[in-house]
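Spelled out from the first residue to the last, the chains are:
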Amino acid sequence: MKTKFPLHSSCSKSILVFHGHDYPSLQLLGSYVPAQSLRNGAERSYAVSFQRHLVKHHVTGIHEGYTFYKGGEKKIVANAASGQPLESESGASASKSTGKLAGNAIDAFYRFSRPHTVIGTALSIVSVSLLAVEKLSDFSPLFFTGVLEAVVAALLMNIYIVGLNQLSDIEIDKVNKPYLPLASGEYSVGTGVGIVTSFAIMSFVVGWITGSWPLFWALFVSFVLGTAYSIDLPLLRWKRFAMVAAMCILAVRAVIVQIAFYMHMQTFVYGRPAVFSRPLIFATAFMSFFSVVIALFKDIPDIEGDRIFGIRSFSVRLGQKRVFWICIGLLQMAYGAAISVGAVSSCLWSKVITVLGHVVLASILWTRAKSVDLNSKAAITSFYMFIWKLFYAEYFLIPLVR
């Protein structure tokens, strides 16, 4: 018996089951559809739909696989072309970071060492050592070894002295020289103490191993005066007193450097008797003027911090402008004396070089001094560094004085 399904205006859904199962009736729009017809039609419809679904799924899979393949191919090509870019970039970044850290460390130590003083110390020792040379054969390996020993030991002590001064002046330098490593916080106090201690020890070790008593005593006296100048202990920190501070710098830069290092070369390296030659006396006298000028002038740009922390420098007591022109006057006197010494020399080439050289330096000094803006800290600091350049230039002339 064939069952008919009435068709109504609304439809009721039956659950379709295939492969041998009966299908409930479906009413569509009030008409009856035979169940067997529905079954056959539904199976055909489902089969077609299922095949379409499989085809669509297969095509989609192929497309997705192709897309994945293409993406993977691009990644493989990129990796092959770049040579493992992630690892390379990581290595390059680490190398760059290490290089930057090393550069920063070198720059901080460079500023800590106060390079203008390092250059001045090295030049002065080489120049004074040349005063002990009497003949061409004196330029032997013995000479160069003696100079090297003196320079290395002195530079180590120089860094101890300038480093100790920075340790004692951290708060002042935050006002006057905020770019220094201790004042800026790049170095901790512990780091500063470690540096100055190790450099002082190394300096004495070099002096002791060398076996030169003039060199060892030069280091010892420099150590004592440099410590007394800076360290904040009872009866010390002599930099607070303008006259005493100037005498400390004069003793080291003018007396110890000229006489002690000359004696190191004359008596220890060459084994000759100690003599105070005319060039040595000239160098000591001239550098006495220059050392006083450096001692006075270095405080001119630092007047603000010195005033705040009670450092009674000549600049604080007399004013920047007055001290500035006192320094210019002292240097012009020194150049005038040098010109006179050169003029009475019995050696023609020495006379010409000494006179002309000091005339040129005195003229440059006067011209530059007149153009300095004394209300500008930057201008005063720049001129102070210019004075150090004149200091270097003098040590090129001193060995030529005869």
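In this report, we go over the structure that sits alongside the text. (Residues numbered from 1 in each chain as written. Predicted model: local features only at pLDDT ≥ 70, side-chain atom pairs only at ≥ 80, totals over all residues. Heavy atoms only, no water.)

Attention now goes to the overall build of the protein. Secondary structure assignment for the protein yields 15 helices and 0 strands. Expressed as a percentage of the 402 residues in the protein, the buried residues total 43%. As displayed, the protein has an accessible area near 21900 Å², and 68% of this comes from carbon and sulfur atoms. (Helix = DSSP H or I, 4+ residues; strand = E, 2+ residues; numbered from the N terminus. Buried < 20%, exposed > 50% of the residue type's maximum accessible area, 1.4 Å probe, protein only. Areas by Shrake-Rupley, 256 points an atom, 1.4 Å probe, with all protein chains shown as cover.)

Despite not being glycine, Leu235 has its phi angle at roughly 70°, a positive value. Here Leu235 is to be found in the loop between α8 (213-230) and α9 (242-269). With phi around 55°, Arg237 is a residue other than glycine that occupies positive phi space. The topology assignment puts Arg237 in the loop between α8 and α9.

Here we take up a nonpolar patch on the surface. Nonpolar side chains collect at one region of the surface, where Trp208, Trp213, Trp217, Phe220, Val221 and Val224 lie side by side and expose about 640 Å² of accessible area between them. With 5 residues, the single largest contributor to the nonpolar patch is α8. (Patch = residues over 30% accessible without salt bridge, like charges linked within 9 Å, V, L, I, M, F, W, Y side chains within 5 Å. Salt bridge = Lys/Arg side-chain N within 4 Å of Asp/Glu carboxyl O.)

This part takes up the pattern of salt bridges. In this structure the tally under the stated criterion is 10 salt bridges. Salt-bridge contacts for Glu134 lead to Arg272; the nearest nitrogen and oxygen are separated by 3.8 Å. Of this pair, Glu134 sits in the loop between α3 (115-130) and α4 (141-168) while Arg272 sits in the loop between α9 and α10 (278-297), and the two are 138 residues apart along the sequence. Judged by relative accessible area, which is 57%, Glu134 ranks as exposed. Exposure remark for Arg272: the relative accessible area of 15% places this residue in the buried category. The network of salt bridges with common partners includes Glu134, Lys135, Asp138 and Arg272.

So, about the side chain of Asp138. Of note, Asp138 is situated in the loop between α3 and α4. When its relative accessible area of 5% is taken as the criterion, Asp138 is described as buried. Excluding its chain neighbours within four sequence positions, the residues that come into contact with Asp138 are Ala132, Val133, Phe143, Tyr270 and Arg272. (Contact = heavy atoms within 4.5 Å.)

Counting 86 residues, the largest nonpolar core has Phe290, Phe297, Phe324 and Phe383 as its most contacted members. Beyond its immediate chain neighbours, meaning those up to four positions away, Phe383 contacts Phe297, Phe324, Ile328, Leu365, Arg368, Ala369 and Val372. Ranked by size, the runner-up nonpolar core spans 6 residues in total, among them Ala245, Ala246, Ile249 and Ala295. (Core = buried A, V, L, I, M, F, W, Y, C linked by side-chain atoms within 4.5 Å.)

Okay, the packing of α9 against α10 next. Interhelical geometry of α9 versus α10 gives an angle of 155° and a closest axis separation of 8 Å. Regarding the angle of α9 to α10, the classification is roughly antiparallel. As for the relative orientation of α9 and α10, their crossing is right-handed in sense. Between α9, through Ala246, Ile249, Leu250, Arg253, Ala254, Gln258, Ile259 and Tyr262, and α10, the contact on the second element is made entirely by Leu280, Ala283, Thr284, Met287, Ser288, Ser291, Val292 and Ala295. (Axes fitted to C-alpha atoms, helices over the stretch in contact; angles between N-to-C directions. Parallel < 35°, antiparallel > 145°, perpendicular 65-115°, else oblique. Left-handed = near helix turned anticlockwise from the far one by under 90°.)

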